[in-house]
Amino acid sequence: GIIPKGASAIRVYMQARDSANANDKGVWLGRSDAEVGAYHGDVGVPIEGTGANDKYGASAGWIRCDANGDCWLDVRASGTNTMDVIMDVHAVMLR
């Protein structure tokens, strides 16, 4: 399905893994580019340097959308083509 234009929030379940596990890596979702980044945003899956490579981390929650119904995605991978992200949208909150 398609998320309708003008949605105010979406609820997601997100998984991420990186083939070269490292600190300050991961995936974050938020309402604006200013809100996403390392350890910021509404929902994030940080990939810490303490675990095994290619091990999935997971997170779920509501992501606020901007006035156009869009949200921002920030992927901080250890390199090119090293991060896998699975994101399932479970609910949409309309305005």
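Each remark here, short or long, concerns the structure printed above.
For the structure given in this document, a descriptive report is provided here. The model shown is predicted, which means the values in this text are computed figures rather than measured ones.

## As for the environment of A58
Then comes step 1: Looking at where A58 falls in the secondary structure, it is placed in strand β4 (residues 57-64).
Then comes step 2: Residue A58 is classed as partly exposed on the basis of its relative accessible area, which comes to 48%.
Then comes step 3: The sequence separation of A58 and Q15 amounts to 43 residues, and the corresponding C-alpha distance is 4.3 Å.
Then comes step 4: If we ignore the near neighbours within four places in the chain, the residues touching A58 are Y13, M14, Q15 and V45.

## Thoughts on the pattern of salt bridges
Then comes step 1: Using the criterion set out here, one finds 3 salt bridges in the structure.
Then comes step 2: A salt bridge links D84 to R17; the shortest N-O distance between them is 2.9 Å. One end of the pair, D84, is in strand β6 (residues 83-94); the other, R17, is in strand β1 (residues 7-18), and 67 residues separate them in sequence.
Then comes step 3: Taking relative accessible area as the criterion, R17 reaches 25% and is therefore assigned partly exposed.
Then comes step 4: When the shortest N-O distance is used, the salt bridge between R64 and D42 registers 2.8 Å. In this pair, R64 sits in strand β4 while D42 sits in the loop between β2 (25-30) and β3 (43-47), placing the two residues 22 residues apart along the sequence.
Then comes step 5: In this structure R64 comes out as partly exposed when scored by relative accessible area, which is 35%.
Then comes step 6: Given the relative accessible area of 27%, D42 is considered partly exposed.

## A closer look at a nonpolar patch on the surface
Then comes step 1: Among the surface-exposed residues, I3, V89, V92 and L94 lie close enough to one another that they form a single nonpolar patch of about 300 Å² accessible area.
Then comes step 2: Tracing the sequence through the fold places I3 in the segment before β1.
Then comes step 3: Under the relative-accessibility criterion, I3 is labelled partly exposed at 35%.

## Quick look at the sheet that holds strand β5 (residues 72-76)
Then comes step 1: Strands sit in the order β3-β2-β5 across an open sheet of 3 strands; the sheet is antiparallel. Looking at the sheet topology across the chains shown, the edges are occupied by β3 and β5. The sheet shows a mean angle of 5 degrees between the axes of neighbouring strands, taken without regard to direction.
Then comes step 2: Inspection of the sheet shows β2 paired to β3 by 5 bridges, in the antiparallel sense. By the bridge assignment, L29 is partnered in β3 with V43.

What counts, and where the lines are drawn
Residues numbered from 1 in each chain as written. Predicted model: local features only at pLDDT ≥ 70, side-chain atom pairs only at ≥ 80, totals over all residues. Heavy atoms only, no water. Helix = DSSP H or I, 4+ residues; strand = E, 2+ residues; numbered from the N terminus. Buried < 20%, exposed > 50% of the residue type's maximum accessible area, 1.4 Å probe, protein only. Contact = heavy atoms within 4.5 Å. Salt bridge = Lys/Arg side-chain N within 4 Å of Asp/Glu carboxyl O. Patch = residues over 30% accessible without salt bridge, like charges linked within 9 Å, V, L, I, M, F, W, Y side chains within 5 Å. Areas by Shrake-Rupley, 256 points an atom, 1.4 Å probe, with all protein chains shown as cover. Pairing = 2+ DSSP bridges. Axes fitted to C-alpha atoms, helices over the stretch in contact; angles between N-to-C directions.

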